[in-house]
Amino acid sequence: MSKEIWEKNLKAMEKWYPSFADLLREEKYAKDETEVAAELSWDGEKIFRIQKEGRRLYLGGKRNAKEPIKTWLERLGDIHRYAPVFLFGVGNGAYLKALVQNTEKEVNIVAYEPSVSIFLAMLQEIDLGQEIEDRPIAFIVEGMNEEEFKPVMNKVLAVENIEFLREEAHPNYREFYGELLVKYMKTLRKRAEAIKVNYNTGVLFSKDLAQNILGNMKYICEGYNTKVLSEAIPHDVPAILIAAGPSLNKNIHELKNAKNKAFLLAVDTAIKPLLKAGIVPDAFLTLDPHKMLKLVEIGGSEQIPVIAPTSARHSLIARQKGKKIFYYDGYLIPYRVYQKNKKPFYDVSVGGSVACGAFSLLYKMGFNTIILVGQDLAYSNNQSHADGTFEEKMQKVDTRNMIMVKGNYEDKVPTLQNLRMYLDWFEMYVRGVKKHGNVRVINATEGGAYIEGTELLPLKDAVAEVCKKEVDFGSFIEKMEPAFSKEEQERAMEYLRTIPGSYQEMAEDAGRLEELYKELEELSRLEQIPKEGCEALLGKIKELIRKCHRQDGYQLVEATMPSAEYIIRSEYYYDEGSPQAAVQESARKGITYSKLLQKCAKLLQEAAEGALLE
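Residues numbered from 1 in each chain as written. Predicted model: local features only at pLDDT ≥ 70, side-chain atom pairs only at ≥ 80, totals over all residues. Heavy atoms only, no water.

*Asks:* What's the story with the environment of lysine 343 in this structure? I'm lost.
*Replies:* Note that lysine 343 resides in the loop between helix H14 (332–340) and helix H15 (354–365). For lysine 343, a relative accessible area of 30% puts it in the partly exposed group. Along the chain, lysine 343 and aspartate 236 lie 107 residues apart, while their C-alpha atoms are 27 Å from each other. (Helix = DSSP H or I, 4+ residues; strand = E, 2+ residues; numbered from the N terminus. Buried < 20%, exposed > 50% of the residue type's maximum accessible area, 1.4 Å probe, protein only.)

So this is what it looks like as structure tokens:
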């Protein structure tokens, strides 16, 4: 082992992934059973000899190590500037080094290594400092951070670069690690195929979001908003935010003593454990447009007031018999309903999770004391959630390779990257509320990750100290007046009844747009493109596109048809080389865009008719 090479490689890695470099320095991993020895090939290259289960294998040619790399590069040919490249097996780093040296910096490289021992040997024996520093290579190592493969894959792969995807397996890995390589390569191919299918379909899964908004509009007109809720209930008592972290198992019954002495706001995932414990929250907040209904399907839950963005899952909102309370989440059609009645529609800072949104809401409502319960942001007791959420008894998981963060009552607790992001958000938001609102934030989560700025206190003690005044929140909420009067509701519905027609008009405009692009395509085939004719067509095209974009419903088209964004963004990936080729490519993409727009507008017209004209 060369300490100098090891330090140089880790220092380069710190530029992009400091936490991964820390994991290596702190040896937070277990070596596998592979034995690795470094040797020199006959042509002077450092190669690895590995031994496993009594078998030996050379990673790299024992006699000639340079020639296979040269042949491999010739086979690869030119790799596109924006290509995602997945290497399965890093060996002695020779293939990785060659790839970095012979591709542009924009190429996204993901290197999967099935053996911790081989990966460590590479960093200890092979100088890759310059290559690692050149760009953010995503290293995924089995036994270290293999759970990051899918998130990294999803981040790297996109509809606009999928045609440039390259996957390469180290030639000498299949004998020892064939099953692992096939597992991850299948995962990659399945994801790539899903992206292609989604693009070719033209309307992606996000159509559910648009259908949620259209389906919820009736409730938005007849229902309530968070400002109405805030004005209806007192704030001189604490609010308790109940999340569904695993530590909720420890202190859930203490919440009985807080009922009617604090405003109990639960996240949707905590509903089942709470009701099973005999605790009915004053309201619950849901966020996900695709939230699984089974998480709230328990007797009595339908009577609890629900707080939601306009894009929340429609079937969940429709199920609720209690008050439906909405907040603004950036979508234009529900905003117009408020705008036409000259009323504000307030938002909530989401931060990525339902608990983040709930905390922001409580602060904006005006509570000066907020108590956090079940806000683990970590795998306390090696569990992801409290019992009774996804399973009656949550299974324990292997957390050895997870990120470690400071705990509330332990030195370190395991967590995942997404939970770490929520933790950072909470710390940022807590700093803000303490600075600008003088809000006391008590963390009564008896386990989990430490949230800087919060005051640690067991829930029993927190309830005894601050939950003293009796308040019947249920009666206050029951007496709330809707956000709109009957007259305002009718004004809102008049506007909403125009939405299906606007989608029909958009579909017709998309048809005309397709014909204009076809005319442009015909012009592009001429040896000499007539400038005036081309400019006239482009002028008509731009005007039709502007007309579509000005429609209130176009925002939901964008949300439903992300492949249209591909058509625009992929312009940057080609160099047509001539005016004719450029016009032909623009026409081709314009025809594709027009067809997708027409299809999507018709789909949303049907959804709007079903939701708004009944």
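*Asks:* Explain the nonpolar core to me, please; I cannot follow it from the model alone.
*Replies:* A general trend in soluble globular proteins is that nonpolar side chains are found buried together. One finds Leu255, Phe263, Phe359, Ile371 and Leu496 to be the most contacted residues of the largest nonpolar core, which totals 140 residues. Among the elements that take part in this core, helix H24 (residues 579–612) stands out by supplying twelve residues, more than any other. Apart from the residues lying within four places of it in its own chain, the contact partners of isoleucine 371 are Pro238, Ala239, Ile240, Leu241, Ile442, Ala444, Leu459, Ala462, Val466 and Cys467. Counting residues in hydrophobic clusters, the runner-up holds 66 residues, among them Met13, Leu57, Tyr95 and Tyr177. (Core = buried A, V, L, I, M, F, W, Y, C linked by side-chain atoms within 4.5 Å. Contact = heavy atoms within 4.5 Å.)

*Asks:* It is not clear to me how the sheet that holds strand S2 (residues 46–52) should be interpreted in this structure. Could you clarify?
*Replies:* Two strands in a sheet stick together by hydrogen bonds in their backbones, pointing the same way (parallel) or opposite ways (antiparallel). Strand order across the open sheet formed by three strands is S1-S2-S3, with antiparallel pairing between neighbours. The open sheet has two edge strands, strand S1 (35–40) and strand S3 (55–59), and neither has a second partner. The mean inter-strand angle of the sheet, taken between neighbouring strand axes irrespective of direction, is 25 degrees. The sheet contact formed by S2 and S3 spans five bridges and is antiparallel. Bridged to phenylalanine 48 within S3 is leucine 59. Lying over the sheet, helix H5 (residues 116–125) contacts S1, S2 and S3, oriented at roughly 155 degrees with respect to S2. (Pairing = 2+ DSSP bridges. Axes fitted to C-alpha atoms, helices over the stretch in contact; angles between N-to-C directions.)

*Asks:* Would you explain the packing of H14 against helix H19 (residues 486–496) in this entry?
*Replies:* Working note: a packed helix pair is described by the angle between its axes plus the distance between those axes. Where H14 meets H19, the closest approach of the two axes is 9 Å, and the angle between their N-to-C directions is 135 degrees. Put simply, H14 runs oblique to H19. Between H14 and H19 lies a crossing of right-handed hand. Contacts between H14 and H19 involve Ile333, Arg336, Val337 and Lys340 from the former and Arg491, Ala492, Tyr495 and Leu496 from the latter. When the residues that make up the contact of H14 with H19 are grouped by side-chain class, the tally is five nonpolar, no polar and three charged. (Parallel < 35°, antiparallel > 145°, perpendicular 65-115°, else oblique. Left-handed = near helix turned anticlockwise from the far one by under 90°. Nonpolar A, V, L, I, M, F, W, Y, C, P; charged D, E, K, R; others polar.)

*Asks:* Any chance you could explain helix H1 (residues 3–14) here in plain terms?
*Replies:* Residues spaced three or four apart along an α-helix point in a common direction, a consequence of the helix completing one turn every 3.6 residues. Spanning twelve residues, H1 covers 16 Å between terminal C-alpha atoms, matching the ideal 16 Å at 1.5 Å per step. For H1, the complete set of buried residues consists of Ile5, Trp6, Asn9, Leu10, Ala12 and Met13. All buried residues of H1 lie within an arc of 160 degrees about the axis, which places them on one face of the element. Residues Lys3, Glu4 and Lys11 are exposed on H1 and point more than 90 degrees away from its buried face. (Expected span 1.5 Å × (residues − 1). Arc of directions from axis to C-beta.)

*Asks:* Explain the side chain of glutamine 489 to me, please; I cannot follow it from the model alone.
*Replies:* Along the chain, the position of glutamine 489 falls in helix H19. Every residue in contact with glutamine 489, bar those within four places of it in the chain, is listed here: Cys221, Glu222, Pro482 and Phe484.

*Asks:* Could you clarify how one ought to interpret helix H4 (residues 94–101) in this entry?
*Replies:* Taken residue by residue, H4 has Tyr95, Leu96, Ala98, Leu99 and Val100 as its buried positions. Looking at the buried residues of H4, the elements they touch are helix H3 (66–76), strand S4 (84–88), strand S5 (108–113), helix H6 (129–134) and strand S6 (138–141).

*Asks:* Which parts of the structure should I look at to understand the pairing of strand S17 (residues 440–443)?
*Replies:* Of the strand pairs in this sheet, strand S14 (residues 369–373) and S17 are connected by four bridges, and their pairing is parallel. Residue pairing across strands places threonine 369 opposite arginine 440, the latter belonging to S17. Judged from the two bridges that link them, S17 and strand S18 (residues 455–456) form a sheet pairing that is parallel. Counterpart to isoleucine 442 in the pairing with S18 is glutamate 455.

*Asks:* Please explain the side chain of serine 524 as it appears in this structure.
*Replies:* With respect to the helices, strands and loops of the structure, serine 524 is situated in helix H20 (residues 499–524). With relative accessibility at 2%, the residue serine 524 sits in the buried group. The residues touching serine 524, leaving out its near neighbours within four places in the chain, are Ile529, Gln580, Val583 and Gln584.

Geometric values such as these leave the question of function open.
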